[in-house]
Amino acid sequence: MAKHQKIIIAIDGFAATGKSSIAKRLSNSLNYIHIDSGSMYRAATLFALRLDSKNKLNPKKIIQSLSEIKIEFKTIKEKQLIFLNNENVSYEIRKPYVTNQVSKLAKIPELRSYLVKKQKEFGKNKGIIMDGRDIGTIVFPEAECKFFLVANVEVRAKRRYFEQQSKDNKETYEKVLKSLIKRDKLDTDRISSPLMKAKGALKIDVSDLTLDEVYDKMLSYIKKKLNKH
Ligand code: DC
């Protein structure tokens, strides 16, 4: 597919719909860059939690310290890692103490603008797949190809729960479900860039689909867009 002109692919959707895993696979097939914008919000949350000795979020302090947040992505041994001020935080940002605070931080408009600016820079040469909550609406409203992934919350909670089983920080299924419901509400109700379907985005309900099926569906839609382009 290299003969096509590169485009921007925006994938938005609810937490635990498989956005990042599928985006990663698609980026390998298309030879595109993949940016998981959620990991940037997570890294910024880790930075913010470390500003306070009691790990409490202080929006005023965060806004004052924005310029000290340096986020980079590096691919090492075919794995994409995220670095916060030169520290590899790829593992730390997935821990529940970060996950459970990130939606609170993601509603701060100043922080969003700071990260959106960086996200736009990643896409300046196109050939990018970015996943998140506001990619098709705010970061790349001009994206040639947009998706919006939804799924039943119980299906998503089960997925997250099983994912956690191989890790140190496990939570009960009930806790995972509760946390997802809370995050959904915070993501959709916030005033600054709430999660919503972008104009022209293809909505896919992934509740009854395997990751392979979702991947196939998305890839064939992208190919159609590439052919039109
Ligand atoms: O995709 P994720 O679960 O890793 O995202 C973590 C949090 O970051 C999520 O609760 C909402 C927020 N987020 C956001 O507000 N905007 C984005 N573009 C991506 C993530």
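What counts and what doesn't
Residues numbered from 1 in each chain as written. Predicted model: local features only at pLDDT ≥ 70, side-chain atom pairs only at ≥ 80, totals over all residues. Heavy atoms only, no water. Near = heavy atom within 4 Å. Polar contact = N/O pair within 3.5 Å; in protein donor to acceptor, adjacent residues only side chain to side chain. Helix = DSSP H or I, 4+ residues; strand = E, 2+ residues; numbered from the N terminus. Nonpolar A, V, L, I, M, F, W, Y, C, P; charged D, E, K, R; others polar. Contact = heavy atoms within 4.5 Å. Pairing = 2+ DSSP bridges. Axes fitted to C-alpha atoms, helices over the stretch in contact; angles between N-to-C directions.

**Student:** Kindly report on the site of the ligand, identifying the contributing residues and their values.
**Tutor:** The immediate surroundings of the ligand are formed by 16 residues, with Arg42, Arg112, Arg133, Asp134 and Arg183 found nearest. Between the ligand and Arg112 there is a distance of 2.8 Å, counted from an oxygen atom to a side-chain nitrogen or oxygen. Separating a nitrogen atom of the ligand from a side-chain N or O atom of Asp134 is a distance of 2.8 Å. Of all the elements in the fold, those that place two or more residues in the shell around the ligand are helix 2 (37–50), helix 4 (96–105) and helix 8 (173–189). Among the elements that take part in the shell around the ligand, helix 2 stands out by supplying 4 residues, more than any other. Looking at the shell around the ligand residue by residue, the class counts come to 4 nonpolar, 4 polar and 8 charged.

**Student:** Account for the side chain of Ser207, with residues named and values stated.
**Tutor:** Positionally, Ser207 belongs in the loop between strand 8 (202–205) and helix 9 (211–228). Within the local environment of Ser207, its side chain forms a polar contact with the backbone nitrogen of Asn152, the two atoms lying 2.9 Å apart. A polar side-chain atom of Ser207 sits 2.6 Å from a polar atom in the side chain of Asp205. Ignoring anything within four residues of it in the chain, the contact list for Ser207 reads Val150, Ala151, Asn152 and Val155.

**Student:** Kindly report on the sheet that holds strand 1 (residues 8–13), identifying the contributing residues and their values.
**Tutor:** Read from one edge of the open sheet, 5 strands run 2-6-1-7-8, paired in parallel fashion. What marks the edges here is a single partner per strand, and that holds for strand 2 (33–36) and strand 8. Averaged over neighbouring strand pairs, the angle between their axes works out to 20° when direction is ignored. Strand direction decides the pairing type here: strand 1 and strand 6 (residues 128–132), joined by 5 bridges, are parallel. For Ala10, the partnering residue across the bridge sits in strand 6 and is Met130. The strands touched by helix 9 within the sheet are strand 1, strand 7 (145–150) and strand 8, with strand 7 carrying the most contacts at an inclination of about 160°.

No statement about biological role is implied by the geometric values presented.
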